[in-house]
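What follows is each chain in one-letter form.
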Amino acid sequence: MLEFLKKKQSSALAVSQQFSESESDVSQGQSKGQLTHREEGSVAGASVQGEDAKHVESKLVRVYSVADLPEYKTILTAKDAKFELAVEKQDVCVAIGLESKAVWVLVTPEFYASSRIFVMGLRERMRKAEFVTEKIVFAEEELIAAIYDSASRLRVSAAFEEVMTDEGLVFDQIVRYGLEHRASDIHIEVRGQQGLVRYRVNGDLEAMYNDNRGIYVMEQLRDAVGYAYNKLQSERTGSHSNFNPETYQSCMIPYKVGNSKMNLRYQSTRAWGGFDVVLRYLHQYENTDTKEFSQLGYSEDQARMLDIASRTRTGMVMVAGITGSGKSTTLKTIIENIPEREHLKIFTIEDPVEYAISGVTQVSLQRTFAADSEKMPYREIQAVLMRCDPDTVMVGEIRDVESGETAQTLIETGHQVMATVHANSIFGVFPRLLAPNIGFAVNTLTAPQFWSLIIYQALVPILCKSCRIPAEEVIAAKLKLIRTRFLISTDGMYVKNPSGCERCNGRGTTGVSVVAEMMQPTRMELRYIRENSEFEAEKLWRNRSDKQFDTPRMEGKTVFEHALYKAYLGEIDPRVVERFETFERFEII
């Protein structure tokens, strides 16, 4: 069954080649070991025809002892191993396996000069078996012999089959496929004796682009996610000690594919006839420049409001939205844009930590689904933070009384607080926080000093400019309605090409962009909310708008209007705008 699965999912193998190329096996790459000698050059560019060994030697890194090597788990070319070499070849060539199916190949300079085609053939065989050749390096026969001598203390049978079990291989294939296709989430859905794997790409869910369309036998997926939960989860992040598809479970899984490091945020839920597991890719990028708000998709005036909020030392910055709407990314960007933050003490409380933020003290906690407040760690953290002299605290998602109390206490004691909440609009934030399971008092939420900024946002797919189709050719009747109701031109509107092109990998979209609505509440707006006149408050806020649907000014405008403006510019499909409200029903104030 496993061999059948590997053949069916051959498209996922390309990612192995991608990472093996990005982490070059030449001297320009960054070695995992403590290499003592480096020379410039490229294997890909080296032509050994007619060259002597000394010249070839200048093309590759040389290692001199076992101390120069990374820690290796297995010897892939040893006797009875997956890529066993003939005895005479073992004197001059060895392939060692590291973690996550990464490989180093060690050869003598003389053997490489005379048998480069053989070495490249070995590398290709390993690539087809989903191994990533990170390095090809030079070594003397003595070092190669010493490596083979260590085989007795390593698990060499079937190469990585003992290190990575069948269920581990299935899990690895699922993760690699998502990386190859730039997915943000993996959805594993098991019902009865069958399971389906889907991926969220550019905001939309899609099945695997392979022969079986992501369909697996139930046991394969159950064992794969069980392996990940039981064997791979980061310490103290699991809600339970062992995998159980009959309950809700969560954890954080550190993972590496080639040089790509990430965390996988694992969340499972039981379902009628089976269970679901959703894995969110949380990429760990090192030395990444701080993004500007406009790069995420905010308008110029929205970016200005976010900048003001980042410079305000008191009050609540609340980001609302559905799951997967980029809330955590927005808060991370706000924190990274705080002026002179090296002079401030900033804490985050996360469930658990998702992204590393430089210069910030990040506190990871794990809440359970139990209602017993003694199992909730927020009260203890609240007391600790109050003694740690914070300037700014990001409390993560507010979803219960404990997290709400922590945010309220910090605000009332003069601190800046940032948080997220699940709500469907900026005005939907208030009833959400007033609900009994969170329990804010209306007088607290409508105090003028409580709020710094309220944001509601969503992510929308960006059209591929290479293959987008003029909207008039597809949705002429809808465009006529847009022109009639909103008095804007539709000449620059486009729709998604369902067949896509090479640039967008056949999807018709090339990423996602934020659309948002924002409010810095005034005393009058808060007064209407306190008096339970939400419509009057919204009307007052929307009257700040310029009343135009084709201008970049977004103050007082809804997320629908921001999306409509991006459709007007030809950036998104007009049909995406109706995710927020239909064109017929949108209330023009």
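One can find the structure itself at the top, above this paragraph.
Treat the numbers as computed from the prediction; the structure is a model and nothing was measured.

Calculation rules
Residues numbered from 1 in each chain as written. Predicted model: local features only at pLDDT ≥ 70, side-chain atom pairs only at ≥ 80, totals over all residues. Heavy atoms only, no water. Phe/Tyr/Trp six-rings, centres within 6.5 Å; stacked < 30°, edge-to-face > 60°. Buried < 20%, exposed > 50% of the residue type's maximum accessible area, 1.4 Å probe, protein only. Lys NZ or Arg CZ within 6 Å of the ring centre and 35° of its normal. Core = buried A, V, L, I, M, F, W, Y, C linked by side-chain atoms within 4.5 Å. Helix = DSSP H or I, 4+ residues; strand = E, 2+ residues; numbered from the N terminus. Pairing = 2+ DSSP bridges. Axes fitted to C-alpha atoms, helices over the stretch in contact; angles between N-to-C directions. Contact = heavy atoms within 4.5 Å. Right-handed = clockwise from strand over helix to strand, strands pointing away. Salt bridge = Lys/Arg side-chain N within 4 Å of Asp/Glu carboxyl O. Parallel < 35°, antiparallel > 145°, perpendicular 65-115°, else oblique. Left-handed = near helix turned anticlockwise from the far one by under 90°. Nonpolar A, V, L, I, M, F, W, Y, C, P; charged D, E, K, R; others polar. Patch = residues over 30% accessible without salt bridge, like charges linked within 9 Å, V, L, I, M, F, W, Y side chains within 5 Å. Areas by Shrake-Rupley, 256 points an atom, 1.4 Å probe, with all protein chains shown as cover. Lys, Arg positive; Asp, Glu negative; His and termini not counted. Charge placed at Lys NZ, Arg CZ, Asp CG, Glu CD. Polar contact = N/O pair within 3.5 Å; in protein donor to acceptor, adjacent residues only side chain to side chain.

**Student:** Can you walk me through the packing of aromatic side chains in this structure?
**Tutor:** To describe a pair of aromatic rings, you give the distance between the ring centres and the angle between the ring planes. Counted under the stated rule, the structure contains 20 aromatic pairs. With a centroid separation of 6.5 Å and an interplanar angle of 75 degrees, the aromatic rings of F293 and Y298 are classed as edge-to-face. Just as F293 is buried, Y298 falls in that class too. Among the aromatic residues, those joined into a ring-pair cluster are F486, F549, F560, F583 and F586. Positioned above the aromatic ring of F118 is the side chain of K89, whose terminal nitrogen or guanidinium carbon lies 5.0 Å from the ring centre. The positively charged end of K101 is found above the aromatic ring belonging to F131, 4.4 Å away from the centroid.

**Student:** Can you walk me through the nonpolar core in this structure?
**Tutor:** As a rule of thumb, soluble globular proteins bury nonpolar side chains together. Counting 60 residues, the largest nonpolar core has M316, I398, L433, W451 and L564 as its most contacted members. In terms of nonpolar packing, the next biggest core, distinct from the first, is built from 38 residues, V61, A81, L85 and W104 among them.

**Student:** Which parts of the structure should I look at to understand unusual backbone geometry?
**Tutor:** Across the chain, the bulk of peptide bonds are trans and the bulk of non-glycine residues have phi less than zero. A positive phi angle is found at E340, which is not glycine, with a value near 50 degrees. You can see E340 is positioned in the loop between helix 11 (327-336) and strand 13 (346-350). We classify E340 as exposed; its relative accessible area is 56%. Phi at K547 is positive, roughly 70 degrees, even though this residue is not glycine. Position of K547 relative to the elements: it lies in the loop between helix 18 (534-542) and helix 19 (559-568).

**Student:** Would you take a moment to explain the sheet that holds strand 16 (residues 416-421) for this structure?
**Tutor:** Read across the sheet, seven strands follow the order 14-13-15-16-12-17-20 without closing on themselves; strand pairing throughout is mixed. Each edge of the open sheet is held by one strand with a lone partner, namely strand 14 (361-364) and strand 20 (509-519). Averaged over all pairs of adjacent strands, the angle between their axes in this sheet comes to 20 degrees, without regard to strand direction. Examined bridge by bridge, strand 12 (residues 315-320) and strand 17 (residues 451-463) share five bridges and lie parallel to one another. From the neighbouring strand, V319 faces strand 17, where its bridge partner is I455. Running at roughly 65 degrees to strand 20, helix 10 (residues 300-311) makes contact with strand 12, strand 16, strand 17 and strand 20 of the sheet. Taken strand by strand, helix 11 contacts strand 12, strand 13, strand 15 (392-397), strand 16 and strand 17, and its axis lies near 165 degrees from that of strand 16.

**Student:** For this particular structure, what's the right way to read the pairing of strand 16?
**Tutor:** For a regular strand, side-chain orientation follows a simple rule: the groups alternate between the two sheet faces. Among the six residues in strand 16, six count as buried, and that is most of the element. Going residue by residue along strand 16, you find Q416, M418 and T420 tucked away on one face and V417, A419 and V421 tucked away on the opposite face as well. Two elements, strand 12 and strand 16, share six bridges in a ladder whose sense is parallel. The residue bridging A320 from the neighbouring strand is V421, located in strand 16. Following the chain from strand 15 across helix 13 (residues 401-412) to the adjacent parallel strand 16, one finds a crossover that is right-handed.

**Student:** Would you explain the pairing of strand 9 (residues 249-257) in this entry?
**Tutor:** The buried count for strand 9 comes to seven of nine residues, which makes it a mostly enclosed element. The hairpin formed by strand 9 and strand 10 (residues 260-271) contains two residues between the paired strands, and G258 there has a positive phi angle of roughly 60 degrees.

**Student:** Even after reading the chapter, I still don't get the sheet that holds strand 4 (residues 132-138), so can you show me in this structure?
**Tutor:** Hydrogen bonding along the main chain pairs the strands of a sheet, whether they run parallel or antiparallel. Taken together, four strands build an open sheet; the order of strands is 1-2-3-4 and the sheet is mixed. The open sheet has two edge strands, strand 1 (74-75) and strand 4, and neither has a second partner. Each of strand 2 (93-97), strand 3 (102-107) and strand 4 touches helix 5 (residues 109-128); the most contacted strand, strand 4, lies at about 170 degrees to it.

**Student:** Looking at this structure, how should I read the pattern of salt bridges?
**Tutor:** Oppositely charged side chains can pair when the atoms bearing their charge come close. Here the structure, examined in full by the defined rule, presents 25 salt bridges. A salt bridge links R280 to D185; its shortest N-O distance comes to 2.4 Å. One end of the pair, R280, is in strand 11 (residues 274-283); the other, D185, is in strand 5 (residues 185-191), with 95 residues separating them in the sequence. Look at D185 and you get buried, because its relative accessible area is 5%. Residue E555 pairs with R553 through a salt bridge whose shortest N-O separation is 3.2 Å. With relative accessibility at 28%, the residue E555 sits in the partly exposed group.

**Student:** Explain the packing of helix 17 (residues 523-530) against helix 18 to me, please; I cannot follow it from the model alone.
**Tutor:** Helix packing geometry: the angle between the two helix axes and the distance between the axes. Direction vectors running N to C along helix 17 and helix 18 enclose 160 degrees, while the axes themselves pass 7 Å from each other. Between helix 17 and helix 18, the angle falls in the class roughly antiparallel. In the crossing of helix 17 with helix 18, the sense of the turn from one axis to the other is left-handed. Of the residues in helix 18, those touching helix 17 at M524, E525, Y528 and I529 are E534, E536, A537, L540 and W541. Per-class residue counts for the contact of helix 17 with helix 18 are six nonpolar, no polar and three charged.

**Student:** I'm lost on a negative patch on the surface in this one. Help?
**Tutor:** Where like charges cluster on the molecular surface, the negative patch consists of E88, D91, E110, E141 and E142. Following the sequence through the fold, E141 ends up in helix 6 (residues 141-149). Among the residues examined, E141 registers a relative accessible area of 43% and is labelled partly exposed.

**Student:** Looking at this model, I keep getting lost on the environment of S425. Mind explaining?
**Tutor:** Residue placement: S425 occurs in the loop between strand 16 and helix 14 (429-434). Filtering out sequence-adjacent residues up to four positions away, S425 remains in contact with Y456 and E517. Of the polar contacts made by the side chain of S425, one reaches the backbone nitrogen of G428; its length is 2.9 Å.

**Student:** Looking at this model, I keep getting lost on the side chain of E350. Mind explaining?
**Tutor:** With respect to the secondary-structure elements, E350 resides in strand 13. Buried within the structure, E350 lacks any salt-bridge partner; R265 is the closest side chain of opposite charge, at an N-O distance of 8.4 Å. Here T348 takes part through its side chain, which lies 2.7 Å from a polar atom of the side chain of E350. Excluding residues within four positions of it along the chain, E350 makes contact with Y355, Q362, V363, S364, L365 and M394.

**Student:** Help me out: how do you make sense of the packing of helix 12 (residues 378-386) against helix 13 in this one?
**Tutor:** The N-to-C vectors of helix 12 and helix 13 enclose an angle of 15 degrees; their axes lie 9 Å apart at closest approach. The orientation of helix 12 with respect to helix 13, classified from their angle, is roughly parallel. You can see that helix 12 and helix 13 cross each other, and the crossing is right-handed. Every residue of helix 13 that contacts helix 12 at Y378, R379, Q382 and M386 is listed here: E402, S403, E405, T406, T409 and L410. Its residues assigned to classes, the contact of helix 12 with helix 13 shows three nonpolar, four polar and three charged.

The values are spatial; any link to function lies outside them.
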